[in-house]
Amino acid sequence: MNTATEPQRAWWRSGRGRLAAGLGALAVIEAAAALWAAREPIDEGDWAALASAIEARGDDAPVLLATAWLGPSARMHVPAIAELDALTLPDLHGVPRFHVVGLGAAWSDALEAARQGAAAPRALETTTIGPFSWTRYEGDGARVLTTLTRDTAGLAARTDAGPCRGRERLRCDEGEIAPRIVEVDYQPRRCLGLSLRDGTTVTLQWSAAQLGHRLRGHVGMGDYNARLRNDAPVDVRVRVDGVLVRHATVSDAQGWWPFELATTPGRARVELEVVAGLSGSWSGRNYDGTPHRTVCVELRALEDPR
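1. Things to note about the state of the cysteines
Point 1. Scanning all chains against the criterion turns up 2 disulfides.
Point 2. Bridging Cys-164 to Cys-172, the disulfide has an S-S length of 2.1 Å. Taking the sign of the torsion about the S-S bond as the criterion, the disulfide between Cys-164 and Cys-172, at about 105°, is right-handed.
Point 3. With a sulfur-sulfur separation of 1.9 Å, Cys-191 is cross-linked through a disulfide to Cys-296. Handedness of the Cys-191-Cys-296 disulfide follows from its S-S torsion of about -120°: it is left-handed. In this pair, Cys-191 is assigned in strand β10 (residues 187-196) and Cys-296 in strand β19 (residues 295-303), connecting sequence segments 105 residues apart. Each of the two residues, Cys-191 as well as Cys-296, counts as buried.

2. Focus on the sheet that holds strand β4 (residues 132-138)
Point 1. Read from one edge to the other, the open sheet built from 4 strands follows the order β1-β2-β4-β3, with strand pairing classed as mixed. Looking at the sheet topology across the chains shown, the edges are occupied by β1 (63-65) and β3 (122-129). When the angles between neighbouring strand axes are averaged without regard to direction, this sheet yields 25°.
Point 2. As defined by bridge partners, β1 adjoins strand β2 (residues 97-102) across 3 bridges and the pair is classed as parallel. In the strand pairing of β2, Leu-64 is matched with Val-100.

3. Some thoughts on the packing of aromatic side chains
Point 1. Counted according to the given criterion, the structure contains 5 aromatic pairs.
Point 2. Summarising the aromatic geometry, the rings of Trp-47 and Phe-132 are spaced 4.8 Å apart at their centres and angled 45° between planes, so their arrangement reads as tilted. Here Phe-132 lies in strand β4 and Trp-47 lies in helix α3 (residues 44-55), a separation of 85 residues in the sequence.
Point 3. Classification of Trp-47 as buried rests on a relative accessible area of 5%.
Point 4. The class for Phe-132 is buried, based on a relative accessible area of 1%.
Point 5. Note on Phe-98 and Tyr-137: the rings are 5.2 Å apart at their centroids and 15° apart in plane angle, and the pair reads as stacked. With Phe-98 in strand β2 and Tyr-137 in strand β4, this residue pair connects regions lying 39 residues apart in the sequence. Each of the two residues, Phe-98 as well as Tyr-137, counts as buried.
Point 6. Ring pairing ties together the aromatic residues Phe-98, Trp-107 and Tyr-137, which thus form one cluster.

4. Focus on the pattern of salt bridges
Point 1. If you walk through the whole model with that rule in mind, you get 19 salt bridges.
Point 2. For the salt bridge of Asp-85 with Arg-190, the shortest nitrogen-to-oxygen distance reads 3.0 Å. Within this pair, whereas Asp-85 is found in helix α5 (residues 84-87), its partner Arg-190 is found in strand β10, the two being separated by 105 residues in sequence.
Point 3. A relative accessible area of 45% means that Asp-85 is categorised as partly exposed.

5. Structural notes on the pairing of strand β6 (residues 155-159)
Point 1. Only one face of β6 is buried: it carries Leu-155, Ala-157 and Thr-159, and the other face, with Ala-156 and Arg-158, is open.
Point 2. For β6 and strand β11 (residues 201-211), the ladder comprises 4 bridges, and the chain directions are antiparallel. Paired with Ala-157 across the strands is Leu-204, a residue of β11.
Point 3. Judged from the 2 bridges that link them, β6 and strand β7 (residues 162-163) form a sheet pairing that is antiparallel. Bridge pairing links Thr-159 to Gly-162 in β7.

6. Structural notes on unusual backbone geometry
Point 1. Phi is positive for Gln-116, close to 45°, though the residue is something other than glycine.
Point 2. Positionally, Gln-116 belongs in the loop between α6 (109-115) and β3.
Point 3. For Gln-116, a relative accessible area of 24% puts it in the partly exposed group.
Point 4. Positive phi, close to 70°, is recorded for Tyr-186, a residue that is not glycine.
Point 5. In this fold, Tyr-186 is placed in the loop between β9 (175-184) and β10.
Point 6. Take Tyr-186: its relative accessible area is 57%, and that puts it in the exposed class.

About the cut-offs
Per chain, residues are indexed from 1 in the order of the written sequence. In keeping with the predicted nature of the model, local features appear solely for residues at pLDDT of at least 70, side-chain atom pairs appear and are counted solely at 80 or more, and the whole-chain, interface and lining totals rest on all residues. Note: side-chain values were computed over all heavy atoms of the structure, leaving out hydrogens and water. Pairs of cysteine sulfur atoms within 2.5 Å are what we label disulfides. Where helices and strands are cited, they refer to DSSP runs of H or I of at least four residues and of E of at least two residues respectively, numbered from the N terminus. Summary of the burial criterion: residues with accessible area below 20% of their type's maximum are buried, those above 50% are exposed, and those between are partly exposed, where the area comes from a 1.4 Å probe applied to protein chains only. Should DSSP find at least two bridges between two strands, the strands are taken to pair. Note on geometry: axes are C-alpha line fits, over the in-contact stretch for helices, and angles between N-to-C directions span 0 to 180 degrees. Any pair of Phe, Tyr and Trp rings, taking the six-membered ring for Trp, is counted once the centres come within 6.5 Å. Such a pair is stacked with planes under 30 degrees apart, edge-to-face with planes over 60 apart, and tilted for the rest. By salt bridge we mean one thing: a side-chain nitrogen of Lys or Arg within 4 Å of a carboxyl oxygen of Asp or Glu.

Now the structure itself:
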């Protein structure tokens, strides 16, 4: 039976009651956090046991974290967690197997976000090592045929001024194109970095790419300060055998922007056209058009399970 008086109900409706309830809930959360901080620390023996078990895992599948704040310590103590292939995964599409380490957690919101629509992975086995849980997963069954943006040997690039020159690092009149590890949306991303002057149209072409059932990629902008300024967006066009199959305008706010296209298995000419807007910076005196922002692109050909 509700015994609250009308003044009490009015006080609650006024918002002050809801604020008090919110503060009470916050106090409970802070108390729980204080108890968690006062727990027994993870000792060197725990880390050594985890590192030894992971080293003997019997495969080279990436080792990911379900408990994000463990990151700095985990990377210092467990070499597999610090491997670039694990740190710079573009998403979980085409990852056949992987491992997840956590403190009482086998999954997380960050890992769910990294799934990006891939089929839910299947947990095969969970092992407890001291305070850690280690879960082995089977991925979506897709296979990466090739990562086009790592295959710079098969890449030709041109800009408004003509062809770019070089092998791994392509030099263009307006800047350069090279494999990079770029911070995008607070995560390291391995990609082809485009550092070009304002408004430059660059066309990346793979003349005989081996395609599967899907062409999947991402576009993102590096440089934290550039994102704070909300610099101009990037225009992206994808063509397969001369046919435009995707056109999008990508802004800083979209973070690590994914795209995916259905493809016919076999060899095809793939083109990725990117037009970067403002990439320079304003000083107290004038505008400096020298590229300070890197556009980060990655592109993979995926074969789905039969």
